Amino acid sequence: MAQIHHFEYGALTPTVSYILSVLGSLLGLTSAVRLRSAKTRSERMWWLTLSAVAIGATAIWSMHFVAMLGFDVEGTPIRYDIGLTVASALIALVSVGIGLAIALLGRTASKARILVGGVLAGLGVAAMHYCGMAAMQLRGEIHYAGTEVAASIAIAVIAATVALYLAITVTKPVAIFVSALVMGIAVNGMHFTGMLAMSVTGEANTFGSVEGATAAGLLVPVGAAVVFAIIGMGYALVSAPTEEDREAIAYLAQRMEDRLANPQPPQQQSQVPFGGVPAGRQQQPQQPPGRAGRTTLGDSSWTYRDRS
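Residues numbered from 1 in each chain as written. Predicted model: local features only at pLDDT ≥ 70, side-chain atom pairs only at ≥ 80, totals over all residues. Heavy atoms only, no water.

J.: Is there a simple way to think about the side chain of Ser-31 in this case?
T.: When you line up the elements, Ser-31 lands in helix H1 (residues 12–37). Here Ser-31 falls in the buried class, since its relative accessible area comes to 1%. In contact with Ser-31, not counting residues within four places along its chain, are Trp-47, Leu-50, Ser-51 and Leu-237. (Helix = DSSP H or I, 4+ residues; strand = E, 2+ residues; numbered from the N terminus. Buried < 20%, exposed > 50% of the residue type's maximum accessible area, 1.4 Å probe, protein only. Contact = heavy atoms within 4.5 Å.)

Shown next as structure tokens:
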């Protein structure tokens, strides 16, 4: 039995993977809040896509990929099949998107929709994990312990169900942040439980190359994609109008419409006789001495002695 190391770089990889899962969950839950307040079908589809990308691709798949960078088996190099690696990312994205659509786009039976969506999304997340594990190429035979596999699938289903429930219920920024912290723990728990189910039987022949891409070779394109995705989702959330913005715009539009519908009559200028007072204007009461003709400097009768 080959020796397996899950934390080859110490606490670096689990820390970065947890940060990614929390950040993706934070963006996904915020997008879900915008989805619930969307008015048109195109807006709902837009926020559903962003939420699926944030949770499925960033919080789950990128966390899985970063955590795999710390995985090592003694006596063999590890390579990755690019096709299966891409397939695992698509599985996570699509399954989370389907779960979110079932839970968020319906109008009735919310509890049943959350349960159905959570089961489908959780099974998809588990499939993503083991598809990503199948992408590993090494010298040896991989085995899985049934108990840990079942536990990881159960954690995935429970975590997905809780995530969908939070996507429907949370609205406050503090609640969203706390929910993202909890989701990060659940996602990482599912991943490392599945990793504990794995064992490797080494081969006697330790010569020859292992086909596939290295983790370092995949790190640059995957890292660039994750960074651009996070920046793009953050910009979309910041630039999109909130419910308060819509109410303010509607209020201003109503004011403009009322003003156009009821224009104010123009004021008529009165004839002013030469040297007289305009008609209709009341005679202003005479101000007491020292108060007439007041300017920013005081009265028109201001003298040098008034400075004191």
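J.: Looking at this structure, I do not really get the packing of H1 against helix H5 (residues 146–169). What am I missing?
T.: Relative orientation and spacing of two packed helices are given, respectively, by the angle between their axes and the distance between those axes. Viewed as axis vectors pointing N to C, H1 and H5 meet at an angle of 50°, and their least axial separation amounts to 8 Å. With respect to H5, the axis of H1 lies oblique. Helix-helix and strand crossings are classified by hand; for H1 and H5 the assignment is right-handed. Of H5, the residues touching H1 (which contributes Leu-29, Ala-32 and Arg-36) are Ala-163, Leu-166, Ala-167, Ile-168 and Thr-169. Counted by class, the contact of H1 with H5 contains 6 nonpolar, 1 polar and 1 charged residues. (Axes fitted to C-alpha atoms, helices over the stretch in contact; angles between N-to-C directions. Parallel < 35°, antiparallel > 145°, perpendicular 65-115°, else oblique. Left-handed = near helix turned anticlockwise from the far one by under 90°. Nonpolar A, V, L, I, M, F, W, Y, C, P; charged D, E, K, R; others polar.)

J.: Can you walk me through the packing of aromatic side chains in this structure?
T.: Remark: the centre distance and the inter-plane angle together describe each pair of aromatic rings, the angle taken between the planes. For the coordinates displayed, the defined rule picks out 3 aromatic pairs. Ring geometry for Trp-61 and Phe-65: centres 5.7 Å apart, planes at 20°, overall stacked. With a gap of 4 residues between them, Trp-61 and Phe-65 both fall in helix H2 (residues 41–69), about one helical turn apart. Here the two residues Trp-61 and Phe-65 agree in accessibility, since each one is buried. Between the aromatic rings of Tyr-130 and Tyr-144, the centroid separation amounts to 5.5 Å while the plane-to-plane angle is 85°, which identifies the pairing as edge-to-face. Taken as a pair, Tyr-130 in helix H4 (residues 110–134) and Tyr-144 in strand E5 (residues 140–144) lie far apart in primary sequence, 14 residues in all. Classification of Tyr-130 by relative accessible area gives buried; the value is 19%. Judged by its relative accessible area of 36%, Tyr-144 falls in the partly exposed class. (Phe/Tyr/Trp six-rings, centres within 6.5 Å; stacked < 30°, edge-to-face > 60°.)

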